[in-house]
Amino acid sequence: MQLLDGKKVSEEIKNEIAAEVAQIKARGEKVPHLAAVLVGSNGASLTYVGSKVKTCEKIGFDSTLVSLPEETTEEELLAKINELNNNDAIDGFIVQLPLPKHIDEQKVLNAVDPDKDVDGFHPENFGRMALELESFIPATPFGILQLLERNKIETKGKNVVVIGRSNIVGKPMSLLMSRKAYPGNATVTLTHSATQNIEAITREADIVITALGVPEFLKADMVKAGAVIVDVGITRVADETNPKGYVIKGDVAFDEVAQKASWITPVPGGVGPMTIAMLMKNTLIARERRAK
Ligand code: GUN
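About the criteria used
Residues numbered from 1 in each chain as written. Predicted model: local features only at pLDDT ≥ 70, side-chain atom pairs only at ≥ 80, totals over all residues. Pairing = 2+ DSSP bridges. Helix = DSSP H or I, 4+ residues; strand = E, 2+ residues; numbered from the N terminus. Axes fitted to C-alpha atoms, helices over the stretch in contact; angles between N-to-C directions. Contact = placed C-beta atoms within 7 Å. Domains from an automatic or database assignment. UniProt positions renumbered as here; feature names shortened; annotations may be inferred. Core = buried A, V, L, I, M, F, W, Y, C linked by C-beta atoms within 7 Å. Buried ≥ 20, exposed ≤ 12 C-beta atoms within 10 Å, placed from the backbone. Parallel < 35°, antiparallel > 145°, perpendicular 65-115°, else oblique. Expected span 1.5 Å × (residues − 1).

**Student:** Please set out the sheet that holds strand β3 (residues 62-68) residue by residue, giving values where relevant.
**Tutor:** Read from one edge of the open sheet, three strands run β3-β2-β4, paired in parallel fashion. The sheet is open, and its two edges are formed by β3 and β4 (92-95), each paired on a single side. Taking the axes of each pair of neighbouring strands and ignoring which way they run, one obtains an average angle of 15° across the sheet. The strands touched by helix α2 (residues 43-59) are β2 (33-39) and β3; relative to β2, the strand with the most contacts, the crossing angle is about 165°.

**Student:** Got a sec to walk through the domain arrangement of the protein? Specific residues and values, please.
**Tutor:** The domains assigned to the protein are domain 1 (26-114) and domain 2 (139-272). Measuring from the centre of the C-alpha atoms in domain 1 to the corresponding centre in domain 2 gives 28 Å.

**Student:** Summarise the UniProt feature "domain: Tetrahydrofolate dehydrogenase/cyclohydrolase NAD(P)-binding" (unreviewed entry) in the protein; cite the residues concerned and give the values.
**Tutor:** The UniProt record annotates "domain: Tetrahydrofolate dehydrogenase/cyclohydrolase NAD(P)-binding" (unreviewed entry) at residues 138-289. Annotation note: span residues 138-289, helix share 33%, strand share 18%, distance between end C-alpha atoms 17 Å.

**Student:** Could you give an account of the environment of Glu204, with specific residues and numbers?
**Tutor:** Residue placement: Glu204 occurs in the loop between α8 (198-202) and β7 (207-210). As for Glu204 and Met222, which are separated by 18 residues in sequence, their C-alpha atoms are 9.0 Å apart. Discounting chain neighbours no more than four positions away, the residues touching Glu204 are Asn159 and Lys224.

**Student:** Lay out the nonpolar core in plain terms, naming residues and giving numbers.
**Tutor:** In terms of nonpolar packing, the biggest core is built from 80 residues, with Phe93, Ile144, Val160, Val208, Ile209, Ile229 and Val230 touching the most fellow members. Counting contributing residues, this core receives three or more from each of domain 1 (26-114) and domain 2 (139-272). If sequence neighbours within four positions are ignored, Val230 has contacts with Leu4, Ile144, Val208, Ile209, Thr265 and Val271.

**Student:** Now, about the packing of helix α6 (residues 139-150) against helix α10 (residues 271-291): what can you tell me, with residues and values included?
**Tutor:** Put simply, α6 and α10 touch, their axes get as near as 7 Å, and they point 105° apart. Our classification of the angle between α6 and α10 gives roughly perpendicular. Between α6, through Ala139, Thr140, Phe142, Gly143, Ile144, Gln146 and Leu147, and α10, the contact on the second element is made entirely by Val271, Met274, Thr275, Ala277, Met278, Leu279 and Asn282.

**Student:** Can you lay out α6 for me, pointing to particular residues and giving the numbers?
**Tutor:** Counted at 1.5 Å a residue, the expected span for α6 with its 12 residues is 16 Å, and the 16 Å between its end C-alpha atoms agrees. Among the 12 residues in α6, 10 count as buried, and that is most of the element. Of all the residues in α6, the buried ones are Ala139, Thr140, Pro141, Phe142, Gly143, Ile144, Leu145, Gln146, Leu147 and Leu148. Tucked into the core, α6 has its buried residues touching α1 (6-26), α7 (170-178), β7, β8 (228-231) and α10. Downstream of α6 by one or two residues, Lys152 has phi in the positive range, about 55°.

Spelled out as structure tokens, the structure:
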């Protein structure tokens, strides 16, 4: 078994981006500027947004954190988005999800200028991605493509099984793996909560990508020997013996599945760090496009 080491690959990508930023600076041009909007104080969201801002600093991007209270109305949030759309200093921005229940998430995502939509969540970018046109690709699926590509894992004609149909991971992932370009050209099955006899489907998979958020869902008897396993799950499970009060668990029973897999992502240190690296990549792309 070989580790699909997201920590290592994400460091490579961030170093490549930092080198490009150094060149941008050397030419006296404007460096990429990412803004992140956080509504409320969801613990996991605070951590993610904090990491995104910190990564910007490390690689030489400008960053702005827009922190809004839980009680922010949909109208106020839409006004803030309009402001970011029109702020020429900002190259790209994200609205951290999930949003409080009184706000219509899709309405908010629809309001983001597609050219600044570095999460790739706007319907225009999603549609362009499906049509294999140039678009922003959502950071987590984009990170998984990079993990496969940079480890030279063959995907053409392979059976890929995606577990979970979220708009930010499972659905885009299934589309990307069925596109013609490498890493894609696979035969894709998208499974979800209404799927029957899922283990019969996962056992046929050459590549399994799990994004459902159920700790240790995927067991050894559900995978084929030699399969490639990509675990997107990051669930906080209460654990009093840990100083943080919780531990992070993936969707895969790592120890037993690792015995059968050819490649497997660890959690943490697999897909998670790739997501942040690819958000940075998208922000660099947004800056370069705007500079033209
Ligand atoms: N919440 C969980 N993942 C993501 C992500 O990739 N982007 C945003 N904006 N929110 C998220």
